[in-house]
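# Report on the structure
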Amino acid sequence: MEKELISVIVPCYNEQEVLPLFRDEIIRVTNEMKSKYPHLEFEFMFINDGSRDDTLKLLREYSLEDKRFRYVSFSRNFGKESAMFAGLENCKGDYAVILDADLQHPPKLIPQMYEYVKSGEYDCAGTRRISREGEPKLLSFFSSSFYKVINKISQTQIVDGAQDFRLMTRQMVDAILSMREYNRFTKGIFSWVGFRTKYIEVENTERAAGKTTWNFWKLLKYSFEGIFAFSTFPLSFSIIFAALAFIAAVILLIAAIVNSSEMLGIMCLVCFMGGIRLFCLEVLGQYIAKTYLEVKKRPVYIIGETEEIYRKRKEN
Ligand code: UDP
Ligand code: MG
C-alpha cells in the first residue's frame, strides 16, 4: 500500500506544562495507529504562537530527538487563528488534523476520524461538543445565542458546538489555504469551503494542565468577528431602522393632528433617530475597518524560527 502522511497540527501558546503530557499521548496514539495501518507516516507540526514560557525550548528538544517533530515559531503572538493557518500552510500531509495542546481534544479520537475519512464517505471528520458542563451558565447562553444569530443572518451555516479539532483531506486543506483573508474566523471558513463533514459527538473535557487564555470579553469579540466576517446583514440595519423611523414619523404626524402637545414626541424622536444613526455608523465603521485591514494584505503570521532553521544554526 502506498504511504500516507498525516500531519498533526498543534497551536501552542504558553503550553510548557501540558506539552510533555501531550507528546506522550500523541506518540502513544499514533504508534497504535501505525501498528494497525503500517502504511501511515506522521509528522507533528507545532506552532509556537509567541509563547513567553519554555514552550519553544521544549519544541527544540523534541525536534532534535525525533525527526517527526517539527515546529514553526512565530515572531510574536498572532492568535490561534493564525497558528492554525500556519500549521496548514507548512504541513506536508495527505491528511491534516488540528488539535489543541491541552488534551481537551483527545488524541485517541484521531484513529476514528481517520477511518471516517479513509472510507471515502467524508472529506473531514471533526468533533462537536454536546455538553457544556464545567462552563459558566452565562457563557453557555451567549454561545448558543451566537450560533442561532449567525445561522439566521449568514448563508454560511456553523454547527453549534463544532470544535476546531478535525481531520481533513489535502483537498480541504488546500481549499482553506486558498482563503487568504486576514480576519480569519476558521469555524466559518471550515463550513464555507464545503466538503462532507462527519461530526463525532463528544462531552466537554477539562484542560489537562495550564490555563486557558479565553475569557468572556475575548469570546464576545470573537463572535463579532464571526458575524462581521461571514454576514453583511448588520449593514442593512440602517434600512430596517429607517423603516421604523418612517412608521414612527407617521404615528407622530397623526398624534400631532389629533392633539396639540406633540413637542415631547418630537424630542423623543430626535433622540431615537440620533441613536440609530450612530449605531448604523458603528456597523459601517466595523466593516470599513475590516476592509482596511484586508486591503493592506498583511501576512497572517511571521515566522521567527523553524526546526530546520534551528538545526542549521546549531550545526554551523
Ligand atoms: N492558543 C494559541 N494562541 C493563542 C491562544 C491559544 O495558539 O493566542 C492555543 C492554545 O495553546 C491551545 C489552543 O489554542 O492549544 C486553545 O487554547 P485554550 O486552551 O486557551 O482555549 P480554550 O480551550 O479554553 O477554548
Ligand atoms: Mg483549551
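Anything mentioned here points back to the structure above.
Residues numbered from 1 in each chain as written. Chains lettered and ligands numbered in written order. Predicted model: local features only at pLDDT ≥ 70, side-chain atom pairs only at ≥ 80, totals over all residues. Heavy atoms only, no water.

## Digging into empty space enclosed by the protein
Threshold: Each cavity reported here is a set of points on a 1 Å grid over the protein atoms alone in which a 1.4 Å probe fits but cannot get out, each pocket an open set with protein on both sides within 12 Å along at least five of seven lines, and each lining residue one with an atom within 4 Å of a point. Grid points are joined across faces, edges and corners, and a volume is the space filled by probe spheres set on the points. Gly falls in the polar group here, along with every residue not listed as nonpolar (Ala, Val, Leu, Ile, Met, Phe, Trp, Tyr, Cys, Pro) or charged (Asp, Glu, Lys, Arg).
Counted by the stated rule, this structure contains one cavity of 30 Å³ or more. Considering only enclosed or pocket space, the largest cavity measures out at about 30 Å³ in volume. In terms of lining, the largest cavity is formed by Glu 81, Met 84, Phe 85, Leu 88, Ile 176, Arg 184 and Thr 186. Among the residues making up the lining of the largest cavity, the classes are represented as four nonpolar, one polar and two charged.

## A few points about the coordination of the magnesium ion (ligand 2)
Quick note on the threshold: Keep in mind that water is not among the atoms, so a site may look incomplete; donors are the N, O and S atoms within 2.8 Å of the metal, or 3.2 Å for Na, K and Ca. When accessible area is computed with a 1.4 Å probe and restricted to protein chains, residues below 20% of their type maximum are described as buried, those above 50% as exposed, and intermediate ones as partly exposed.
In this structure, Asp 102 (OD) and Gln 104 (OE1) serve as the protein donors to the magnesium ion (ligand 2), at separations of 1.9 Å. Overall, Gln 104 belongs to the partly exposed group, its relative accessible area being 28%.

## Quick notes on the site of ligand 1
Counted only if it meets this: Throughout, the term near means that a residue has one or more heavy atoms lying within 4 Å of the molecule or strand in question. N or O atoms closer than or at 3.5 Å make up a polar contact, with two conditions inside protein: a donor-capable atom paired with an acceptor-capable one, and, for residues adjacent in sequence, both atoms drawn from side chains. Accessibility throughout is a Shrake-Rupley quantity obtained with a 1.4 Å probe, and a residue counts as covered only by protein chains that appear here.
Around ligand 1 lies a shell of 16 residues, among which Glu 15, Asp 49, Asp 102, Gln 104 and Thr 212 are the nearest. One of the side-chain nitrogen or oxygen atoms of Asp 49 is found 2.6 Å away from a nitrogen atom of ligand 1. Between ligand 1 and Ala 101 there is a distance of 3.0 Å, counted from an oxygen atom to a backbone nitrogen or oxygen. Coverage of ligand 1 by the protein chains reaches 85% of its 530 Å² of free accessible surface. Residue composition of the shell around ligand 1, by class: five nonpolar, five polar and six charged.

## Regarding the state of the cysteines
Applied cut-off: The disulfide criterion is simple: two cysteine sulfur atoms within 2.5 Å.
What the rule picks out here adds up to zero disulfides. Between Cys 91, a cysteine without a disulfide, and Cys 124, which holds the nearest cysteine sulfur, the sulfur-to-sulfur distance is 13 Å.

## Some thoughts on the pairing of strand E1 (residues 4-12)
Basically, it comes down to this: Helix and strand labels come from DSSP, where a helix needs a run of H or I of at least four residues and a strand needs a run of E of at least two; each type is numbered from the N terminus. The pairing criterion for strands is at least two bridges between them, as found by DSSP. A right-handed crossover is one whose linking path, passing over the helix from the first strand to the second, runs clockwise when the strands point away from the viewer.
Across the nine residues that make up E1, a large majority, nine, are buried. A two-sided burial pattern is seen for E1, the buried positions comprising Glu 4, Ile 6, Val 8, Val 10 and Cys 12 on one face and Leu 5, Ser 7, Ile 9 and Pro 11 on the other. Of the pairings in the sheet, the one linking E1 to strand E2 (residues 40-48) comprises nine bridges and is parallel in character. Bridge pairing links Ile 6 to Phe 42 in E2. Note on the crossover from E1 through helix H1 (residues 19-36) to E2: the handedness is right-handed.

## Looking at the environment of Arg 170
What counts here: Contact definition: two residues touch when any of their heavy atoms are within 4.5 Å.
Summarising the element assignment, Arg 170 is placed in helix H6 (residues 170-177). What Arg 170 contacts, discounting residues up to four positions off in sequence, is Cys 91, Lys 92, Gly 93 and Asp 94. A polar contact is formed between the side chain of Arg 170 and the backbone oxygen of Cys 91, at a distance of 3.3 Å.

## Let's talk about the side chain of Ser 63
As for its placement among the helices and strands, Ser 63 is situated in helix H2 (residues 55-65). A residue is classified by how much of its surface remains accessible, and Ser 63, at 2% relative accessible area, is buried. Setting aside its immediate chain neighbours within four residues, Ser 63 contacts Phe 69, Tyr 71, Glu 307 and Arg 311.

So yeah, pure geometry; function would need other evidence.
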